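For reference, the chains in residue letters:
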Amino acid sequence: MDLIILNDGLYQLVPLTKQMMEHISLLVKVDCFDLCDIVKLKLTEYDDVLNRYVMNDGSGDLMGCICN
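Residues numbered from 1 in each chain as written. Predicted model: local features only at pLDDT ≥ 70, side-chain atom pairs only at ≥ 80, totals over all residues. Heavy atoms only, no water.

**Concerning the nonpolar core**
Then step 1. Of all hydrophobic cores here, the largest spans 13 residues; its most connected members are Met1, Leu3, Leu16, Met21, Leu35 and Val39.
Then step 2. Looking at this core, the elements that each hand over two or more residues are strand S1 (2–7), helix H1 (32–43) and strand S5 (61–66).
Then step 3. In terms of residue count, H1 provides more of this core than any other element does, 4 residues in total.
Then step 4. Apart from the residues lying within four places of it in its own chain, the contact partners of methionine 1 are Val14, Pro15, Leu16, Cys32, Leu35, Cys36, Val39, Cys65, Ile66 and Asn68. (Core = buried A, V, L, I, M, F, W, Y, C linked by side-chain atoms within 4.5 Å. Buried < 20%, exposed > 50% of the residue type's maximum accessible area, 1.4 Å probe, protein only. Helix = DSSP H or I, 4+ residues; strand = E, 2+ residues; numbered from the N terminus. Contact = heavy atoms within 4.5 Å.)

Listed below in structure tokens is the structure:
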């Protein structure tokens with residue numbers, strides 16, 4: 001799965017790595033769309049003013065996911 005990140009007007013595809021998932025425990029099998037929602041809750045914070053999900057590490061805004 002790749003994350004679609006918007007940073008300075010440029011969209012980037014960032015592969016989801018094991019390091020990003022290290023503090024996330026999945027107890028049941030989830031599909032790609034549910035995993036995207038879980039990752040969004042863990043790695044971003046919602047900004048009401050900008051109406052978007054901002055990455056906690058400052059790498060940009062999460063726009064969505066691409067399932068491979």
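Back to the write-up after that little detour.
**A short note on unusual backbone geometry**
Then step 1. Even without a glycine there, the phi angle at aspartate 8 is positive, about 55 degrees.
Then step 2. Note that aspartate 8 resides in the loop between S1 and strand S2 (10–15).
Then step 3. Residue aspartate 8 is classed as exposed on the basis of its relative accessible area of 78%.
Then step 4. A positive phi angle is found at asparagine 51, which is not glycine, with a value near 55 degrees.
Then step 5. Mapped onto the fold, asparagine 51 is located in the loop between strand S3 (44–47) and strand S4 (52–55).
Then step 6. Taking relative accessible area as the criterion, asparagine 51 reaches 57% and is therefore assigned exposed.

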